[in-house]
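# Structural overview
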Amino acid sequence: MDNSILQQFLDNPKEAGLVCLSSFKFFVQVFHYYIYKKPFIFKEFHERIIQALEDRVLTDNTDKPNLLINVAPRSGKSQILQYFVAWGYAINYQSNFILTSYGDSLVMKFSDSIKGIINSKFYQDMFGIPLDAKNTAKEFWKIKDGGELRASAMGSIITGFGAGTMSDGWGGT
């Protein structure tokens, strides 16, 4: 997408929010440009990850809602998944997520990045979904009057925390 078009959306957050709710790919484009001031360069596997997240995870359009993403390090998959969690809260602020990775410092970095997106003025202007000021630690934070995110390295204890919601519809992963 052309940078001037992306800039027009940055200048009109309410309109951008409506489009972002309908397309995860668009959300990635807009927020990547907002954060880095350059477009996200999509490769075929990025498109496939985005499509799978929309079809298999968000809408559960298959009999196999689980998704394993196995691509090389530094390919953009973690960035896409961070955008997905932030987009997930825009779709349903009551969503619950468990974020995990091999190392504690990496998973905390990802958690902090997601919080940064949600706390950004642009996200707030678009969706108005604030974090709960009482629960903002990197390893466990909440959306005000909404869902939560638990970040933990592999092998850590996550017993008692759940992803998703008990209500109808999508509620996180």
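This is a predicted model, so every value here is computed, not measured.

### A look at the pairing of strand E2 (residues 131-137)
Alignment of E2 against strand E3 (residues 140-143), held across three bridges, turns out to be antiparallel. By the bridge assignment for E3, Thr136 is matched with Trp141.

### Quick notes on the nonpolar core
The tendency in soluble globular proteins is for nonpolar side chains to be buried side by side. Judged by nonpolar contacts, the single largest core of 42 residues is most densely connected at Phe24, Phe27, Phe31, Tyr89, Ile118, Tyr123 and Leu149. Considering every element that reaches this core, the biggest residue donor is helix H5 (residues 77-91), with eight residues. Dropping the residues within four chain positions of it, Phe31 is found in contact with Tyr83, Ile117, Ser120, Phe122, Tyr123 and Met126.

### Examining the sheet that holds strand E4 (residues 148-153)
Pairing within the open sheet is mixed, and its four strands lie in the order E1-E4-E3-E2. Since the sheet does not close on itself, it has two edges, and those belong to strand E1 (96-101) and E2, each with one partner. Strand-to-strand twist of the sheet, defined as the mean angle between neighbouring strand axes without regard to direction, takes the value 15°.

### What about helix H3 (residues 24-36)?
Given 3.6 residues per turn, any residue in an α-helix points the same way as the ones three and four places further on. Compared with the 18 Å implied by 1.5 Å per residue over 13 residues, the 18 Å span of H3 between its first and last C-alpha is a close match. Residues of H3 that are buried: Phe24, Phe26, Phe27, Val28, Gln29, Val30, Phe31, His32 and Tyr33. The first or second residue beyond H3 is Lys37, which carries a positive phi of 60°.

Definitions and limits used
- Residues numbered from 1 in each chain as written.
- Predicted model: local features only at pLDDT ≥ 70, side-chain atom pairs only at ≥ 80, totals over all residues.
- Heavy atoms only, no water.
- Pairing = 2+ DSSP bridges.
- Helix = DSSP H or I, 4+ residues; strand = E, 2+ residues; numbered from the N terminus.
- Core = buried A, V, L, I, M, F, W, Y, C linked by side-chain atoms within 4.5 Å.
- Buried < 20%, exposed > 50% of the residue type's maximum accessible area, 1.4 Å probe, protein only.
- Contact = heavy atoms within 4.5 Å.
- Axes fitted to C-alpha atoms, helices over the stretch in contact; angles between N-to-C directions.
- Expected span 1.5 Å × (residues − 1).

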